[in-house]
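Close look at the chain arrangement
Residues per chain are reported as follows:
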Amino acid sequence: AQSVTQPDIHITVSEGASLELRCNYSYGATPYLFWYVQSPGQGLQLLLKYFSGDTLVQGIKGFEAEFKRSQSSFNLRKPSVHWSDAAEYFCAVGARTSYDKVIFGPGTSLSVIP
Amino acid sequence: NAGVTQTPKFQVLKTGQSMTLQCAQDMNHNSMYWYRQDPGMGLRLIYYSASEGTTDKGEVPNGYNVSRLNKREFSLRLESAAPSQTSVYFCASSEGGIGGYTFGSGTRLTVV
């Protein structure tokens, strides 16, 4: 069975600074990988996904993530954070089996200082 | 572009009461899911439906039942609510296979 860890429960960055959110997964094969963002009181929105091919994935809102097989990681990055990026971020892993059940990490809460 | 619609948005139940959470999607997706979200625990899968006419248990199915009414609708029922079921419930859908989920805006349920 797959699992996901997000080592940082909460991160605070200044507006305009760069951001990296960490995600580590456990799975016996190459997984499907996702990052979602949740604004307060809202559902989750898909930022980006990795299935195969290029290990650097571009997403919406200026986010990117890099799949590193050797480190079992899929870290999310953004070069310059905006105040509107303050939200909860969830990494998720899906199993490459006959059905696409997805396991979510516990989330990282991002605060942005003006 | 409604996407995934959940009703109600908020609900307070007394212990032992029953209720049904409704979910409908208009994207012609095959697969639908119910998750619960609790602080510090991420989202946990309750039940899912790979396609119309099929349902399967997820990680935390106890105390819940589901019905895939048709391709659009997937309901979640609490037969006898307990305080441990206080949570935010999210419905999601996907095309199935590879693809990300589209989530509804959630139902905040409190059981007292």
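That block above? That's the structure.
Residues numbered from 1 in each chain as written. Chains lettered and ligands numbered in written order. Predicted model: local features only at pLDDT ≥ 70, side-chain atom pairs only at ≥ 80, totals over all residues. Heavy atoms only, no water.

1. Notes on the overall build of chain A
- Helix and strand counts for chain A come out as zero helices and 12 strands.
- In summary, chain A has a C-alpha radius of gyration of 14 Å against a globular reference of 13 Å for 114 residues, a match within 12%.
- Across its three principal directions, the C-alpha atoms of chain A cover 45 × 30 × 20 Å.
- For chain A, the proportion of its 114 residues judged to be buried stands at 47%.
- Taking as baseline every contact in chain A between residues at least 6 positions apart, the subset at least 24 positions apart corresponds to 55%.
- When the accessible surface of chain A is summed, it comes to about 5,300 Å², and 51% of that surface belongs to carbon and sulfur atoms.
- Computing the positive centroid from 9 side-chain charges and the negative centroid from 9, chain A places the two 7 Å apart. (Helix = DSSP H or I, 4+ residues; strand = E, 2+ residues; numbered from the N terminus. Rg over C-alpha atoms; globule rule 2.2 N^0.38 Å. Buried < 20%, exposed > 50% of the residue type's maximum accessible area, 1.4 Å probe, protein only. Contact = heavy atoms within 4.5 Å. Areas by Shrake-Rupley, 256 points an atom, 1.4 Å probe, with all protein chains shown as cover. Lys, Arg positive; Asp, Glu negative; His and termini not counted. Charge placed at Lys NZ, Arg CZ, Asp CG, Glu CD.)

2. Description of the interface of chain B and chain A
- Residue-level contacts link 23 residues of chain B with 19 residues of chain A.
- Counting the surface lost from both chain B and chain A, the interface buries some 1,600 Å², and carbon and sulfur atoms represent 58% of this.
- Joining chain B to chain A, the criterion identifies zero salt bridges.
- At the boundary of chain B with chain A, the tally comes to three residue pairs in polar contact (both at pLDDT 80 or more).
- Residue assignment for the side of chain B that touches chain A shows that the elements contributing at least two residues are strand S4 (31-37), strand S5 (43-49) and strand S9 (87-94) of chain B.
- Partitioning the side of chain B that touches chain A into residue classes produces 11 nonpolar, 12 polar and no charged. (Buried area = accessible area lost by both parts, 1.4 Å probe. Salt bridge = Lys/Arg side-chain N within 4 Å of Asp/Glu carboxyl O. Polar contact = N/O pair within 3.5 Å; in protein donor to acceptor, adjacent residues only side chain to side chain. Nonpolar A, V, L, I, M, F, W, Y, C, P; charged D, E, K, R; others polar.)

3. What about the pattern of salt bridges?
Residues and elements named next belong to chain A.
- Tallied over the entire structure, the rule returns seven salt bridges over all chains.
- The salt bridge partner of Glu 66 is Arg 77, with a shortest N-O separation of 3.2 Å. Of this pair, Glu 66 sits in strand S8 (residues 64-68) while Arg 77 sits in strand S9 (residues 73-78), and the two are 11 residues apart along the sequence.
- Classification of Glu 66 by relative accessible area gives partly exposed; the value is 23%.
- By relative accessible area, which is 24% here, Arg 77 ends up partly exposed.

4. Remarks on the nonpolar core
- Residues Leu 19, Trp 35, Leu 47, Leu 48, Phe 74, Leu 76 and Tyr 89 of chain A are the most contacted members of the largest nonpolar core, which totals 26 residues.
- Contributing elements (two or more residues each) for this core: strand S2 (10-14), strand S3 (19-21), strand S5 (32-38), strand S6 (44-50), S8, S9, strand S10 (87-94) and strand S12 (108-113) of chain A.
- Broken down by element, this core gets its largest block of residues, four residues, from S10 of chain A.
- Not counting the four nearest positions on each side in its chain, Leu 47 of chain A is found in contact with Trp 35, Tyr 36, Val 37, Gly 59, Ile 60, Lys 61, Phe 63, Leu 76 and Tyr 89 of chain A.
- Residues Val 4, Tyr 47, Tyr 64 and Phe 74 of chain B belong to the second largest nonpolar core, which totals 20 residues. (Core = buried A, V, L, I, M, F, W, Y, C linked by side-chain atoms within 4.5 Å.)

5. Quick look at the state of the cysteines
Residues and elements named next belong to chain B.
- Applying the stated criterion across every chain yields a total of two disulfides over all chains.
- Covalent S-S linkage joins Cys 23 and Cys 91, the inter-sulfur distance amounting to 1.9 Å. One disulfide, between Cys 23 and Cys 91, carries an S-S torsion of -75 degrees and so falls in the left-handed class. Residue Cys 23 is located in strand S3 (residues 19-25), and its partner Cys 91 is located in strand S9; the two are separated by 68 residues in the primary sequence. The residues Cys 23 and Cys 91 share a single accessibility class, namely buried. (Disulfide = S-S within 2.5 Å.)

6. Focus: the pairing of S12 of chain A
All names here are of chain A.
- Residue alternation in S12 divides its side chains into a buried set, Thr 108, Leu 110 and Val 112, and an unburied set, Ser 109, Ser 111 and Ile 113.
- By the bridge criterion, five bridges tie S2 to S12 in an arrangement that is parallel. The residue of S12 that forms the bridge with Ile 11 is Leu 110.
- Of the strand pairs in this sheet, S10 and S12 are connected by three bridges, and their pairing is antiparallel. Bridge pairing links Ala 87 to Leu 110 in S12. (Pairing = 2+ DSSP bridges.)

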